[in-house]
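Survey of secondary and tertiary structure
For reference, the chains in residue letters:
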Amino acid sequence: GKGRWVHGAHDDREVSKRFNEGDILLTRMTDPRMIDEMILSAGMATMIGGQTCHAAIVARELGKPCVIGAGDIVKAFVGINTVIDANNGRIYATGS
């Protein structure tokens, strides 16, 4: 899906209103205000977090691929077609 940056409570900005079903949720870290985007997403990637963080727990509950703690590289995927490879902890850009 297309990588979309979503601001959370830690950013003091509203959650994105332009999130579409199948987009990839990209953020510093998730918070409960992002649940609608998490449900619509094809996958998620966060800059920080661990196995028991909000994103990891919700991703497991929703059956969504998720890469946690990827660092600043997450920002590089905003606006481009992205694949989340949760089995190997990688994020890829696609050519289409």
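Residues numbered from 1 in each chain as written. Predicted model: local features only at pLDDT ≥ 70, side-chain atom pairs only at ≥ 80, totals over all residues. Heavy atoms only, no water.

Within the secondary structure, methionine 47 is located in the loop between β3 (43-46) and α2 (54-62). You can call methionine 47 buried: its relative accessible area is 12%. Spatially, the C-alpha atom of methionine 47 lies 4.1 Å from that of glycine 71, the residues being 24 residues apart in sequence. Ignoring any residue separated from it by four or fewer positions in sequence, one finds methionine 47 in contact with Trp5, Thr27, Arg28, Gly69, Ala70, Gly71, Asp72, Val74 and Lys75. (Helix = DSSP H or I, 4+ residues; strand = E, 2+ residues; numbered from the N terminus. Buried < 20%, exposed > 50% of the residue type's maximum accessible area, 1.4 Å probe, protein only. Contact = heavy atoms within 4.5 Å.)

By the definition in use, this model includes two salt bridges. As a salt-bridge pair, aspartate 23 and arginine 4 come within 3.0 Å of each other at their nearest N and O atoms. With aspartate 23 in the loop between β1 (3-5) and β2 (24-27) and arginine 4 in strand β1, this residue pair connects regions lying 19 residues apart in the sequence. (Salt bridge = Lys/Arg side-chain N within 4 Å of Asp/Glu carboxyl O.)

Counting residues in hydrophobic clusters, the biggest one holds 12 residues: Val6, Phe19, Leu25, Met34, Met38, Met44, Cys53, Ala55, Ala56, Val58, Ala59 and Cys66. Looking at this core element by element, the count peaks at four residues for α2. Among all residues touching cysteine 66, those that are not within four sequence positions of it are Met44, Ala55, Ala59, Ile84 and Ala86. Counting nine residues, the second largest nonpolar core, distinct from the first, contains Met47, Val67, Phe77 and Ile84. (Core = buried A, V, L, I, M, F, W, Y, C linked by side-chain atoms within 4.5 Å.)

Purely geometric numbers; function is a separate question.
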